[in-house]
Amino acid sequence: MRLSRILLFATCLAAGAWAQTGQKLYQFHCAFCHGKGDDGFAANLVTPNLVHAPTDTSLLNIIRNGIPGTDMPPALGMTDAEMSEVAGYVRSLGRSAPTSVPGDTAKGKVLYSTKVGCSGCHMVEGKGGRSGPDLTQIGAMRSPSNLRTSIVAPDAAMVGGWTMVHATMKDGRKISGIRLNEDNFSLSLRDGKAQLQTIDKSATSAIQRDINKSSMPNYSKVFSAEELDNVIAYLFSLRGGL
Ligand code: HEC
Ligand code: HEC
């Protein structure tokens, strides 16, 4: 079993070495995380404006070195020429990006800010809550289909760094919030009132972590199909100057 896996891996590596075009290199080195470009679990690449790679130099730099502090790894075993090929392919994905989506952006903005309280948790251009990621550039970072999943099935489109934790203290108090930091002795979190709390683990009787469960409500039954299109159109229009 183990040996056959190693052989399979070696075969893949050899196949990768022979692959010439940017697309084949992409499939070998990048598709595992980025899918076809807009359907992977990593950043959407089917967009003309890559947040981390506005220029060709920065794109090559990301491919060569990865993005430190994130799951985007440095390229392994690729020559400079191959990296340029992949960069060219990523740019071609960007050129095929949809520039508009069905739906009414203005109506979506109203739904977003008033009807269901998205802004209570999310910040756009400095306004809103801090219980979820900043959405100022979300239209440049995510594909329309990924935005849709975030709204109707939040657990299936989790982004890292927003794990909810629930601590039960030995004196019976319960403290919940978004985990900011954790080590063997302490846990720090931001509670529902946006207060930072640092908890001494020895004073707790239990700690529960919602690892694959989003704290974002599921809106699949809240929006009509048309309203959902409108909210997605609004989110897709958020490009924060990009
Ligand atoms: C192990 C998974 C993984 C692999 C393999 C991977 N990436 Fe990524 N990539 C990511 C993640 C995760 C991010 C988002 C990083 C962040 O900002 O949090 C990312 C981000 C990027 C970005 C920045 C997107 C933006 O909006 O600025 C580019 C460009 C990119 N990857 C290209 C590639 C290319 C090209 C390859 C193949 C050579 C590749 N990636 C391989 C996980 C991966
Ligand atoms: C109770 C707080 C809360 C509310 C209300 C809320 N969200 Fe979220 N949202 C989150 C959290 C936390 C995450 C990050 C965890 C995850 O990926 O599910 C998130 C993630 C997202 C993402 C994915 C971000 C990314 O980087 O891919 C989008 C898009 C989003 N929310 C849009 C919305 C919209 C639109 C609404 C209103 C219809 C809304 N949210 C309401 C907490 C909230």
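In the block above lies the structure referred to throughout.
Overview of the structure.

## Quick word on the coordination of the iron atom of ligand 1
No. 1: Around the iron atom of ligand 1, the donor atoms from the protein are H34 (NE2) and M72 (SD), and they sit 2.0 to 2.1 Å away.
No. 2: Between the 6 donor atoms coordinating the iron atom of ligand 1, the angles at the centre fall across 88 to 179°, so the site counts as octahedral. Of this pair, H34 sits in helix α3 (residues 31-34) while M72 sits in the loop between α4 (56-65) and α5 (80-95), and the two are 38 residues apart along the sequence.
No. 3: Residue H34 is classed as buried on the basis of its relative accessible area of 10%.
No. 4: On the accessibility criterion, M72 (24% relative accessible area) is partly exposed.

## Things to note about the packing of aromatic side chains
No. 1: Evaluation of the coordinates by the stated rule reveals 3 aromatic pairs.
No. 2: With 5.2 Å between their ring centres and 50° between their planes, Y112 and Y234 make a pair best called tilted. Separated by 122 residues along the polypeptide, Y112 in helix α6 (residues 105-115) and Y234 in helix α9 (residues 225-237) bring together distant segments of the chain.
No. 3: Taking relative accessible area as the criterion, Y112 reaches 4% and is therefore assigned buried.
No. 4: For R239, the ring lying beneath its charged end belongs to F236, and the centroid distance is 4.5 Å.

## A short note on the site of ligand 1
No. 1: The environment of ligand 1 is made up of 20 residues, and the closest members are C30, C33, H34, H52 and M72.
No. 2: Measuring from a nitrogen atom of ligand 1, one finds a side-chain N or O atom of H34 at 2.8 Å.
No. 3: Here an oxygen atom of ligand 1 and a backbone polar atom of H52 are 2.5 Å apart.
No. 4: Mapped onto the shell around ligand 1, the elements with two or more residues apiece are α3, α4 and α5.

## Quick look at the coordination of the iron atom of ligand 2
No. 1: Summarising the metal site, the iron atom of ligand 2 is bound by the protein donors H122 (NE2) and M216 (SD), whose distances to it range over 2.0 to 2.1 Å.
No. 2: Relative to the metal, the 6 donor atoms surrounding the iron atom of ligand 2 lie at angles of 86 to 178°, and the coordination shape comes out octahedral. Of this pair, H122 sits in the loop between α6 and β1 (123-124) while M216 sits in the loop between β7 (204-210) and α9; the two residues are 94 residues apart in sequence, bridging distant segments of the chain.
No. 3: Overall, the relative accessible area of 11% leaves H122 in the buried class.

Analysis parameters
- Residues numbered from 1 in each chain as written.
- Chains lettered and ligands numbered in written order.
- Predicted model: local features only at pLDDT ≥ 70, side-chain atom pairs only at ≥ 80, totals over all residues.
- Heavy atoms only, no water.
- Donors = N, O, S within 2.8 Å, 3.2 Å for Na, K, Ca; no water.
- Tetrahedral: all angles 85-135°; square planar, octahedral: opposite > 155°, others 65-115°.
- Helix = DSSP H or I, 4+ residues; strand = E, 2+ residues; numbered from the N terminus.
- Buried < 20%, exposed > 50% of the residue type's maximum accessible area, 1.4 Å probe, protein only.
- Phe/Tyr/Trp six-rings, centres within 6.5 Å; stacked < 30°, edge-to-face > 60°.
- Lys NZ or Arg CZ within 6 Å of the ring centre and 35° of its normal.
- Near = heavy atom within 4 Å.
- Polar contact = N/O pair within 3.5 Å; in protein donor to acceptor, adjacent residues only side chain to side chain.

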